Amino acid sequence: MLDIYAGDTALKTIKENGFSPEIFRTFLGASGGPKWFVLYGLDKYLFGDFFKDKQQPLNLIGSSAGAFRTACFAQNDPVAAIERLAKNYSETVYSDQAKPSEITTKARALLDTVFGVSGAAEIMNNEVFKAHFIVAKCNGFVASENKIIQGLGLFASLLRNMVSRSLIKSQYERFIFQNQGSQLNVYDPDNISTTRLTFTDKNIKEALLASGAIPMVMQGIKDIADCPPGMYRDGGIVDYHFDFEIKNEGLTLYPHFSSILKAGWFDKKLSRSVRVKHYDKTVLICPSQQFIDSLPYGKIPDRTDFTTMTASERLEYWQQVFVKSEQLATEFSAFYQTQNIRQIKSINTLLT
């Protein structure tokens, strides 16, 4: 039900030191909207049990839905926070032909629920679980709220990206909003400009909202406090599944809804994969095809469910996925307890 892959260095480290929370220094949370629901049970186990007593800092890096998850993991009660996120996100209902203004308003309400009374302060002051929200600053046509102009900009991005991912760097910049104690060090060979900014009381909520601001679907977030003026949108535009080198010590744990990895938003339908060397120190855990086939409709949730199902059908389906996701947590726990290293496959088989 659960597939586990590891890069060469990661597998060597595990064989020498065993599989434990201590070997990990970084955690990745990808974009993908409600696709993460399949990881719900695993998320609760990882931060309610596996990482519960961790003493060394763990960098939590997320874009879009992954950023919302990291915002939960960095709170004092991460399980309660992820439960709030799952419940309120899954139960959100939009009107027919919902406009970006409505979707943005409901995203703000979700944000307030996830943070609660003290969540923002807990995230900013957490000395172990250090959250990082990836946001894309948009330049040119993609910064416009006019759908025609924005659409032309996105089409230009699509064409540029087909030639080379590095060509979108004139349209997008990567902004990483982070815990003040962050020591994260990343290298991007595509040379997309990267700016790192510390969380403040004024920017943390807007930064998280921006990280999930899907182009053409939600309103962009303009002029976030304590950072350069401009239009900020979904972090998945530049880092959908991540394709940069994490230069910090230790391994990276990457619970993902799929074994298929795409660098950015515009790579979804391209055959281009992420670079193998960037996953050398990564352990990827994801649902197997057998598990996915066992789900209602034989698939994991996605944003099209909002339009192809009635609200009651969608909620019933997603609730079943939440329950089934506990199986992945149970299997991961068994793997951790038995230390069955032979269960780990080479990640090179996915990326070559």
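Presented here is a report on the structure given in the accompanying data block. Keep in mind it's a predicted model, so treat the numbers as computed, not measured. (Residues numbered from 1 in each chain as written. Predicted model: local features only at pLDDT ≥ 70, side-chain atom pairs only at ≥ 80, totals over all residues. Heavy atoms only, no water.)

1. Notes on the overall build of the protein
Point 1. When you go through the protein residue by residue, the secondary structure sums to twelve helices and 13 strands.
Point 2. When its C-alpha atoms are laid out on the principal axes, the protein stretches across 55 × 45 × 40 Å.
Point 3. Counting every position in the protein, which comprises 352 residues, the buried fraction comes to 56%.
Point 4. The long-range share in the protein, meaning contacts at least 24 apart out of those at least 6 apart in sequence, stands at 76%.
Point 5. Carbon and sulfur atoms form 52% of the exposed surface of the protein, whose accessible area is close to 14600 Å².
Point 6. For the protein, the distance from the average site of its 39 positive side-chain charges to the average site of its 37 negative ones is 5 Å. (Helix = DSSP H or I, 4+ residues; strand = E, 2+ residues; numbered from the N terminus. Buried < 20%, exposed > 50% of the residue type's maximum accessible area, 1.4 Å probe, protein only. Contact = heavy atoms within 4.5 Å. Areas by Shrake-Rupley, 256 points an atom, 1.4 Å probe, with all protein chains shown as cover. Lys, Arg positive; Asp, Glu negative; His and termini not counted. Charge placed at Lys NZ, Arg CZ, Asp CG, Glu CD.)

2. As for the environment of Asp8
Point 1. Summarising the element assignment, Asp8 is placed in helix H1 (residues 8–17).
Point 2. According to the relative accessible area criterion, Asp8 is partly exposed, its value standing at 48%.
Point 3. Taking the C-alpha atoms as reference points, Asp8 and Lys281, 273 residues apart in sequence, are found 7.0 Å from one another.
Point 4. Once residues within four sequence positions are removed from consideration, Asp8 is found in contact with Asp280, Ser346 and Asn348.
Point 5. There is a polar contact of 3.4 Å between the side chain of Asp8 and the side chain of Asn348. (Polar contact = N/O pair within 3.5 Å; in protein donor to acceptor, adjacent residues only side chain to side chain.)

3. Description of helix H11 (residues 311–338)
Point 1. When the terminal C-alpha atoms of H11 are compared, their 41 Å separation across 28 residues agrees well with the 40 Å that a helix rising 1.5 Å per residue should span.
Point 2. Turning to H11, its buried residues are Arg314, Tyr317, Trp318, Val321, Phe322, Ser325, Leu328, Ala329, Phe332, Ser333 and Phe335.
Point 3. Gln339, located one to two residues past H11, shows a positive phi value of around 55°. (Expected span 1.5 Å × (residues − 1).)

4. Re the environment of Glu206
Point 1. Tracing the sequence through the fold places Glu206 in helix H8 (residues 204–211).
Point 2. Of the residues examined, Glu206 reaches a relative accessible area of 22% and is grouped as partly exposed.
Point 3. Residues Glu206 and Arg108, spaced 98 residues apart in sequence, show a C-alpha to C-alpha distance of 9.0 Å.
Point 4. Ignoring sequence-local partners within four residues, the contact set of Glu206 consists of Arg108, Ile221 and Ile224.
Point 5. At 2.7 Å, the side chain of Glu206 forms a polar contact with the side chain of Arg108.

5. So, the packing of aromatic side chains
Point 1. Throughout the structure, instances matching the rule amount to 30 aromatic pairs.
Point 2. Taking 6.0 Å as the distance between ring centres and 65° as the angle between the ring planes, the aromatic pair formed by Phe242 and Tyr254 counts as edge-to-face. Of the two residues, Phe242 is situated in the loop between strand S9 (231–233) and strand S10 (245–246) and Tyr254 in strand S11 (residues 251–255); the sequence distance between them amounts to twelve residues.
Point 3. One residue, Arg314, lies across the ring of Trp318, its end atom 4.8 Å from the ring centre. (Phe/Tyr/Trp six-rings, centres within 6.5 Å; stacked < 30°, edge-to-face > 60°. Lys NZ or Arg CZ within 6 Å of the ring centre and 35° of its normal.)

6. Here we look at unusual backbone geometry
Point 1. In this structure, Gln97 takes a positive phi of about 55° despite not being glycine.
Point 2. With respect to the secondary-structure elements, Gln97 resides in the loop between helix H4 (78–90) and helix H5 (100–115).
Point 3. The exposure class assigned to Gln97 is exposed, which follows from its relative accessible area of 77%.
Point 4. Even without glycine at this site, Tyr297 takes up a positive phi of about 70°.
Point 5. By the secondary structure assignment, Tyr297 is in the loop between helix H9 (289–294) and helix H10 (305–308).

7. Considerations on the nonpolar core
Point 1. Counting residues in hydrophobic clusters, the biggest one holds 83 residues, and the most contacted among them are Phe24, Phe51, Phe133, Phe177, Val283 and Phe332.
Point 2. Considering each element in turn, this core owes the most residues, eight residues, to H11.
Point 3. Setting aside chain neighbours within four positions, we find Phe24 in contact with Phe19, Phe50, Phe51, Lys54, Leu58, Leu251, Thr252, Leu253 and Val283.
Point 4. Of all hydrophobic cores here, the second largest spans 32 residues; its members include Ala136, Val142, Ile214 and Phe242. (Core = buried A, V, L, I, M, F, W, Y, C linked by side-chain atoms within 4.5 Å.)

8. Digging into the pattern of salt bridges
Pairs may arise between side chains of opposite charge once their charged atoms sit close together.
Point 1. Counted according to the given criterion, the structure contains 20 salt bridges.
Point 2. Here Asp190 makes a salt bridge to Arg165, at a shortest N to O gap of 3.1 Å. Here Asp190, found in the loop between strand S6 (186–187) and strand S7 (194–198), pairs with Arg165, found in the loop between helix H7 (147–163) and strand S5 (172–178); they are 25 residues apart in sequence, far enough to count as distant. For the pair Asp190 and Arg165, a shared accessibility class is recorded, and that class is buried.
Point 3. One connected set of salt bridges, linked through shared partners, spans Arg165, Arg174, Asp188, Asp190, Asp239, Asp243 and Arg275. (Salt bridge = Lys/Arg side-chain N within 4 Å of Asp/Glu carboxyl O.)

9. Considering a nonpolar patch on the surface
Point 1. A cluster of nonpolar side chains, contributed by Phe155, Leu158, Leu159, Met162, Val163 and Leu167, occupies part of the molecular surface with about 580 Å² of accessible area.
Point 2. Summarising the element assignment, Phe155 is placed in helix H7. (Patch = residues over 30% accessible without salt bridge, like charges linked within 9 Å, V, L, I, M, F, W, Y side chains within 5 Å.)

10. What about the environment of Ser170?
Point 1. Tracing the chain through its elements places Ser170 in the loop between H7 and S5.
Point 2. Linking Ser170 and Asn139, residues 31 residues apart in sequence, is a C-alpha distance of 7.3 Å.
Point 3. Setting aside anything within four residues of it in sequence, one finds Ser170 in contact with Asn139 and Arg160.
Point 4. A polar atom in the side chain of Ser170 sits 3.1 Å from the side chain of Arg160.

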